[in-house]
Amino acid sequence: MIDKILSYLDENKDQHVKELCEYLSIPSISSIPAHDNDIIEAARFTHKAFEAIGLASEIIEPDGHPLVYAQSEQLPDRKTLLFYGHYDVQPVDPIELWESPPFEPRIENEIIYARGGSDDKGQLYTHIKALEAYVKLGIEVPVNVKFIIEGEEEAGGEEIYKFTESNPEKLACDAVIVSDTSLYNEETPAICYSLKGLAYMQIDVKGPGMDLHSGSFGGTVQNPGNVICEIISRLKDGSGRVQIPGFYDSVLELDDAEKASFESLNYSDAVLCKDTGASGPFGEEGFTTLERMWGRPTLDVNGLWSGYSGEGAKTIVPATAGAKVSMRLVPNQNPEQIAELFSKFVEEIAPEGVEVKVSYLHGAQAVMVPRDSEMMQSGMKAMELGFGSKPVFIREGGSIPIVGTFQDCLKAPVLLLGYGLPNDNIHSPNEKFHLRNYFDGIKTTAFLLKLAGE
Ligand code: BES
Ligand code: ZN
């Protein structure tokens with residue numbers, strides 16, 4: 001039976017790539033209102049893909065971007081798997097660094113280049129194609145399936161939370177499957193057991209009533225550009241340690257066993273340099289790169305603005321300045337509390353003579369998923385069969401905000417079965433998805449549907 005499925009998948013590779021390319025051609029950027037129609041088109045595409053494999057699908061249109069919910073016939077005495085994914089993507093800037101247009105998928109050396117390839121359209125589409133194989137071959141799927149696909153994951157949207165909190169029965173399941181993380185590397189598949197949380201902040205500094213001549217007035221009034229730099233420079237010390245009082249208080253520390261498990265993965269800083277283009281590692285003293293990446297809270301400027309940054313010189317004291325700062329959190333840290341500590345600290349260190357406003361834009365709780373659930377066993381086995389080698393356990397530095405809510409509201413274990421690569425350039429120019437991972441991902445899901453039902 002599984003042989004038939006594998007043959008079907010093999011015979012339909014071209015078709016599966018073609019469909020994914022269509023999906024990736026829709027510029028469904030959730031954070032830019034000019035793309036709202038593209039968001040709707042991507043929701044419709046997702047909805048039609050579910051209908052094409054015989055699921056009952058609906059587009060749910062709340063105030064924010066639409067959710068797509070689909071389910072198979074729910075038979076009693078069977079386990080139910082809920083698949084989650086997101087059809088929205090990140091903006092494409094800086095566009096000039098793309099080697100081909102982000103929404104015109106290009107295939108080179110068995111790699112698709114397009115925004116959303118790995119994050120997350122390519123990954124979520126694997127589940128649909130795996131299910132299609134069963135349906136088209138008339139093979140009974142041994143589990144009930146449900147899908148909830150959202151369109152504002154990348155924008156910190158609220159709709160999926162509201163929907164989950166008000167529809168726990170509709171989403172009731174024995175396990176949630178999420179493919180929105182990475183393999184460990186090209187040779188080593190992985191299952192992720194912890195995601196970081198997030199507190200995303202904005203600082204706005206207002207100084208003089210307008211941009212001023214820097215000769216006439218420089219040195220006589222506060223300069224917001226200088227002030228934002230002073231503030232930022234006090235958030236961390238020179239060795240990468242965050243200086244906000246209380247920031248580390250509730251951190252779940254890494255124990256020796258976990259440190260040893262990271263160590264056994266033999267991560268090399270040469271890989272870090274290759275994947276990032278950085279000249280060397282840097283981070284909180286006393287921790288290895290993987291410890292910093294996966295197990296320590298971090299603070300980073302994501303954007304910074306003030307004054308004139310065009311060509312040539314313009315002599316001004318800017319009227320305003322600002323910064324966006326993300327803090328990536330680990331289990332036990334509370335995003336709201338951390339946001340408050342941040343605001344309090346920035347307000348305290350802000351000098352006289354400017355107005356400093358701190359806003360908490362959005363946040364997410366860090367998560368840990370159990371490594372000993374039955375579904376984890378099935379996931380490990382499915383991945384080994386799909387990718388041809390045993391997966392390792394990893395953590396990730398990224399966040400998938402809804403996962404914590406799934407755990408709390410649905411009381412079901414979450415399986416983070418990622419098919420991307422750490423160097424897939426997600427959120428960056430030239431995002432990619434390797435066809436091998438696409439095909440092996442589809443196989444993995446096909447095996448999982450079988451194993452979970454046994
Ligand atoms: N797919 C990523 C999460 C991820 C990133 C997993 C890196 C593994 C490694 C997800 O789509 C994402 O980017 N999430 C955002 C959430 C935020 C906007 C609230 C993130 O982590 O920045
Ligand atoms: Zn994603």
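Further up the page is the structure itself.
Parameters at a glance
Residues numbered from 1 in each chain as written. Chains lettered and ligands numbered in written order. Predicted model: local features only at pLDDT ≥ 70, side-chain atom pairs only at ≥ 80, totals over all residues. Heavy atoms only, no water. Helix = DSSP H or I, 4+ residues; strand = E, 2+ residues; numbered from the N terminus. Rg over C-alpha atoms; globule rule 2.2 N^0.38 Å. Buried < 20%, exposed > 50% of the residue type's maximum accessible area, 1.4 Å probe, protein only. Contact = heavy atoms within 4.5 Å. Areas by Shrake-Rupley, 256 points an atom, 1.4 Å probe, with all protein chains shown as cover. Lys, Arg positive; Asp, Glu negative; His and termini not counted. Charge placed at Lys NZ, Arg CZ, Asp CG, Glu CD. Salt bridge = Lys/Arg side-chain N within 4 Å of Asp/Glu carboxyl O. Donors = N, O, S within 2.8 Å, 3.2 Å for Na, K, Ca; no water. Tetrahedral: all angles 85-135°; square planar, octahedral: opposite > 155°, others 65-115°. 1 Å grid on protein atoms, 1.4 Å probe; cavity = no way out; pocket = protein on both sides within 12 Å on 5 of 7 lines; lining within 4 Å. Points joined across faces, edges and corners; volume = space filled by probe spheres on them. Nonpolar A, V, L, I, M, F, W, Y, C, P; charged D, E, K, R; others polar.

A word on the overall build of the protein. From N to C terminus, the protein includes 13 helices and 19 strands. In terms of overall size, the protein behaves like a compact globule, its C-alpha atoms giving a radius of gyration of 23 Å where 454 residues would be expected to give roughly 22 Å. Considering the protein as a whole, with its 454 residues, one finds that 54% of them fall into the buried category. Across the protein, the fraction of contacts at a sequence separation of at least 24, relative to all contacts at a separation of at least 6, is 80%. Total accessible area on the protein stands at roughly 20,000 Å², and carbon and sulfur atoms take up 49% of it. For the protein, the distance from the average site of its 38 positive side-chain charges to the average site of its 70 negative ones is 2 Å.

Here we take up the environment of Leu272. Tracing the backbone shows Leu272 in helix α8 (residues 269-276). The buried category is assigned to Leu272, whose relative accessible area is 15%. Along the sequence, Leu272 and Ile228 sit 44 residues apart, while their C-alpha atoms lie 30 Å from each other. Excluding residues that lie within four positions of it along the chain, Leu272 makes contacts with Tyr267, Gly277, Pro281, Thr289 and Met293.

The next subject is the pattern of salt bridges. Under the definition given, this model contains 18 salt bridges. Linking Glu454 and Lys450 is a salt bridge whose minimum nitrogen-to-oxygen distance equals 3.1 Å. The exposure class of Lys450 is partly exposed, given its relative accessible area of 25%. One network of salt bridges, in which partners are shared, links Arg241, Glu253, Glu284 and Arg296.

Time to look at the coordination of the zinc ion (ligand 2). Summarising the metal site, the zinc ion (ligand 2) is bound by the protein donors His86 (NE2), Asp119 (OD), Asp180 (OD) and Asp180 (OD), whose distances to it range over 1.7 to 2.5 Å. Taken together, the six donor atoms surrounding the zinc ion (ligand 2) define angles of 53 to 162 degrees at the centre, an arrangement classified as irregular. Each donor residue of the zinc ion (ligand 2) lies on one chain, and together they are spaced H-x32-D-x60-D. Remark: Asp180 occurs in the loop between β7 (175-178) and β8 (190-192) and Asp119 occurs in the loop between β5 (111-113) and α4 (121-137); sequence separation between them is 61 residues. Taking the relative accessible area as the measure of exposure, Asp119 reaches 7% and is therefore buried. For Asp180, a relative accessible area of 12% puts it in the buried group.

So, about unusual backbone geometry. With omega at 0 degrees, the peptide bond leading from Asp93 into Pro94 counts as cis. Its place among the elements puts Pro94 in the loop between β3 (80-86) and β4 (106-108). In this model, Asp119 is joined to Asp120 through a cis peptide bond whose omega is 5 degrees. Inspection of the secondary structure assignment puts Asp120 in the loop between β5 and α4. For His427, which is not glycine, the phi dihedral falls at a positive 70 degrees. By the secondary structure assignment, His427 is in the loop between β18 (414-416) and β19 (432-434).

This paragraph deals with the layout of surface pockets. The volume enclosed by the second largest pocket comes to roughly 330 Å³. What lines the second largest pocket is a set of 21 residues, among which Tyr161, Gly363, Ala364, Gln365 and Pro401 lie closest to the centre. Contributing elements (two or more residues each) for the lining of the second largest pocket: α5 (159-166), α10 (335-349), β15 (355-364) and α12 (402-410). Per element, the largest residue contribution to the lining of the second largest pocket is five residues, and it comes from β15. Looking at the lining of the second largest pocket residue by residue, the classes come out as eight nonpolar, seven polar and six charged.

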